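A look at the structure
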Amino acid sequence: MKKKHILIVAGEASGDLYGAQLVSSLKEKHPELDFFGIGGPELRKVGLRSLFKMEELSVVGLFEVFPKIPKLWKALRLIEKEIKNLQVNLSILIDFPGLNLHLAKKLKKWGIPVLYYVSPQIWAWWPSRAKRLKEYVDSLAVILPFEVEFFKKYGIEAHFVGHPQREIIEKAPSPEEARISLGITSEEKVIGLFPGSRKGEIKKHLKVMVETIELLKREFSNLKPLLALAPGLSDDFFEIKEEIKVIKNDPLQVMAASDLLIAASGTVTLQGALMGKRMVVIYKVNPLSYFFAKALVKVPFIALPNLLLGKMVFPELIQREANPFKLAEVAKNLLLDENKNREMISVSERLKELLPSGAPERVAKIALELMR
């Protein structure tokens, strides 16, 4: 049987995880498939031949992207070169619109089927890019239920496949298991710090989080802060105080052990909500990026769980509001709220109804049907 080659391109930590799930599902049915492209540690672990390190491309913000442009072009050239050497049967592009929307246009021109998995959040800002998806993408697999109706307005049939975070969350330890593993007593109040998965995010959020912990320690003598360092990152580019324990490559363990999460807006907020955790969401970007984003963004919330639930369940502190004094005040109130656990269990159950499991298998089925 002639070997079939599939291009996969992921540019973010979440896309790396979702891509790895999908590759594993496809390999169960067809172990002979060859996967190449761009991915992070999770995709490389399941056999992706990564032509360029995903970690060098991740960026957030309108203006922060400019220093990355030479690397993005280099990555694109490496993909083009490899495609010329292979007969590619399918391309799977995962989110990361900065590179993938440009790549989709080229793939369409070359006659390679394009499956776009995890739509870029164009429903939040810059909806005109939907026209590019309609023109260059053969099939669109989305992970948020409201995206189906959004794309329908642009004449695009989107397939809601469920959310891949459901499979990830199922692997999380129980709170008791996580605390025992980390040597945490039942009397300690654990705050999990999730500053982001990119270096730029961490530099903007970590100092605020550390100063917040210092303020909270005055109120809670039994406070135990844990810093979750995203996969693929090292701690050699920032300084952290000894009283904050750094946990590498195991964010779910930190989350499970925590009484409260302080998290940068992103996929981690959905993880925390699905696990029924109390949480404060923060976000800071370059002031110029924020100025333009504020004018473009069309949604009322930045945290995905709030957006799905249609209300502010998890407090959001953005830009100047994301300061240690405000953050400490909100965190303190959440920790002291005796009714919060019951509410968080209800929120978790509602989100699980909205986001069914089984996404990797459904996307694998679409991929196999699309493969030429």
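Quick look at helix H14 (residues 324-336)
For H14, built from 13 residues, the straight-helix expectation of 18 Å at 1.5 Å per residue is met to within 8% by its first-to-last C-alpha distance of 18 Å. Listed in full, the buried residues belonging to H14 are Pro324, Leu327, Ala328, Val330, Ala331, Leu334 and Leu335. Along its buried surface, H14 packs onto strand S8 (189-194), helix H9 (199-216), strand S11 (260-264), strand S12 (278-283), strand S13 (316-318) and helix H15 (340-354). At the N-terminal boundary of H14, the capping side chain belongs to Asn323, with an oxygen 3.1 Å from the backbone nitrogen of Phe325.

With respect to the layout of surface pockets
Volume-wise, the second largest pocket comes out at about 250 Å³. Lining of the second largest pocket is provided by 14 residues; of these, Ser258, Asp259, Lys277, Arg278 and Asn341 occupy positions nearest its centre. For the lining of the second largest pocket, a count of residues per class yields 6 nonpolar, 3 polar and 5 charged.

Concerning the pairing of strand S4 (residues 88-94)
Counting buried residues in S4 gives 7 out of 7 residues, a clear majority hidden from the surface. Strand direction decides the pairing type here: strand S1 (residues 5-10) and S4, joined by 6 bridges, are parallel. Following the sheet pairing, Ile6 is matched in S4 by Leu90. Sheet analysis places S4 next to strand S5 (residues 114-117), joined by 4 bridges and oriented parallel. The residue bridging Ile94 from the neighbouring strand is Tyr117, located in S5. In this view, the connection linking S4 to its parallel neighbour S5 by way of helix H4 (residues 97-109) has right-handed handedness.

Digging into unusual backbone geometry
One non-glycine residue with positive phi stands out, namely Asn249, at about 60°. With phi around 50°, Gln319 is a residue other than glycine that occupies positive phi space. Relative to the helices and strands, Gln319 is located in the loop between S13 and H14. Looking at Gln319, the relative accessible area reads 13%, which means it is buried.

Reading the values: the criteria
Residues numbered from 1 in each chain as written. Predicted model: local features only at pLDDT ≥ 70, side-chain atom pairs only at ≥ 80, totals over all residues. Heavy atoms only, no water. Helix = DSSP H or I, 4+ residues; strand = E, 2+ residues; numbered from the N terminus. Expected span 1.5 Å × (residues − 1). Buried < 20%, exposed > 50% of the residue type's maximum accessible area, 1.4 Å probe, protein only. Contact = heavy atoms within 4.5 Å. Polar contact = N/O pair within 3.5 Å; in protein donor to acceptor, adjacent residues only side chain to side chain. 1 Å grid on protein atoms, 1.4 Å probe; cavity = no way out; pocket = protein on both sides within 12 Å on 5 of 7 lines; lining within 4 Å. Points joined across faces, edges and corners; volume = space filled by probe spheres on them. Nonpolar A, V, L, I, M, F, W, Y, C, P; charged D, E, K, R; others polar. Pairing = 2+ DSSP bridges. Right-handed = clockwise from strand over helix to strand, strands pointing away.

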